[in-house]
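Topology and contacts: notes
Here is what each chain is made of, one letter per residue.
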Amino acid sequence: TNDLKSKVIHFKFDLVTPWESKLGYLLVSKCLVEYHDLRSVLIPNCLTLLGEEEEVRVRMASADLLGSLCQVHGVSVYQEVKVEILGMISKNLQRESRNLTLDKVEVKKGFEVRRSADGIFHDTAGWRNLETSMKALESMVVGCEVNFRPFLDQDLVELIVKALDHTNRFVRET
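A short note on the packing of aromatic side chains
What characterises a pair of aromatic rings is the spacing of the ring centres plus the angle enclosed by the ring planes. Evaluated as defined, the whole model comprises six aromatic pairs. With 6.0 Å between their ring centres and 35° between their planes, Phe11 and Phe13 make a pair best called tilted. Measuring from ring centre to ring centre gives 4.6 Å for Phe11 and Tyr25, while their planes differ by 15°; the resulting arrangement is stacked. Here Tyr25 lies in helix 2 (residues 19-32) and Phe11 lies in the loop between helix 1 (2-10) and helix 2, a separation of 14 residues in the sequence. Members of the aromatic cluster, each reached through a chain of ring pairs, are Phe11, Phe13 and Tyr25.

Structural data, given as structure tokens:
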């Protein structure tokens, strides 16, 4: 495992690194966190990938890895990333609510409402890193278990309630 640990520590990625390589890096890292303390390398990389990566599988793996780090190292991981993760969620909830526009609606006989293809897409499409940032929060809460309770404050509850009312079902489900 020391060879894999070294590869995780020295792995460099950028915008042209294939998503498959990033995903492999995250999956290998998840296997190693139980045996090696790699927080100083993995946490910044997870935050970068959550915020900038186009591929949803990579962002989801980043969220899972943050949860695994919390499971092994406890709430200190959440404390380290709290501002960034909650900031991503809050920023994207605000941005999306500003961008919402009424879909074209056709009403027949006062009862039947049909939405345009754009409107249907609007409700079902992934919301990029909002959904995966919510998933990261969920993974960390699950990873911390009961030790997360002191961090369940009014601001977090309000953010979660706001997400529950989001137009996208994937965001609401998370």
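Details of a nonpolar patch on the surface
A surface patch of nonpolar side chains, amounting to about 400 Å² of accessible area, comprises Leu152, Val157, Ile160, Val161 and Leu164. Checked against the element boundaries, Val157 lands in helix 8 (residues 154-164). The class of Val157 is partly exposed, set by a relative accessible area of 33%.

A word on helix 4 (residues 56-73)
When the terminal C-alpha atoms of helix 4 are compared, their 25 Å separation across 18 residues agrees well with the 26 Å that a helix rising 1.5 Å per residue should span. Taken together, the buried positions of helix 4 are Val58, Arg59, Ala61, Ser62, Ala63, Leu65, Leu66, Gly67, Ser68, Leu69 and Cys70. Backbone geometry just after helix 4 places Gly74 at a positive phi near 85°.

Examining helix 7 (residues 129-144)
When the terminal C-alpha atoms of helix 7 are compared, their 22 Å separation across 16 residues agrees well with the 22 Å that a helix rising 1.5 Å per residue should span. The buried fraction of helix 7 is high, at 12 of 16 residues. Listed as buried for helix 7 are Asn129, Leu130, Glu131, Thr132, Ser133, Met134, Ala136, Leu137, Ser139, Met140, Gly143 and Cys144. Remark: Glu145 follows helix 7 within two positions and exhibits a positive phi of approximately 55°.

Points about the pattern of salt bridges
One pass over the structure, following the stated rule, counts four salt bridges. Between Lys135 and Glu138 there is a salt bridge, with its nearest N and O atoms 3.3 Å apart. Of this pair, Lys135 and Glu138 both sit in helix 7, three residues apart, which is roughly one turn of that helix. What makes Lys135 partly exposed here is its relative accessible area of 24%.

Rules used in this analysis
Residues numbered from 1 in each chain as written. Predicted model: local features only at pLDDT ≥ 70, side-chain atom pairs only at ≥ 80, totals over all residues. Heavy atoms only, no water. Phe/Tyr/Trp six-rings, centres within 6.5 Å; stacked < 30°, edge-to-face > 60°. Helix = DSSP H or I, 4+ residues; strand = E, 2+ residues; numbered from the N terminus. Patch = residues over 30% accessible without salt bridge, like charges linked within 9 Å, V, L, I, M, F, W, Y side chains within 5 Å. Areas by Shrake-Rupley, 256 points an atom, 1.4 Å probe, with all protein chains shown as cover. Salt bridge = Lys/Arg side-chain N within 4 Å of Asp/Glu carboxyl O. Buried < 20%, exposed > 50% of the residue type's maximum accessible area, 1.4 Å probe, protein only. Expected span 1.5 Å × (residues − 1).

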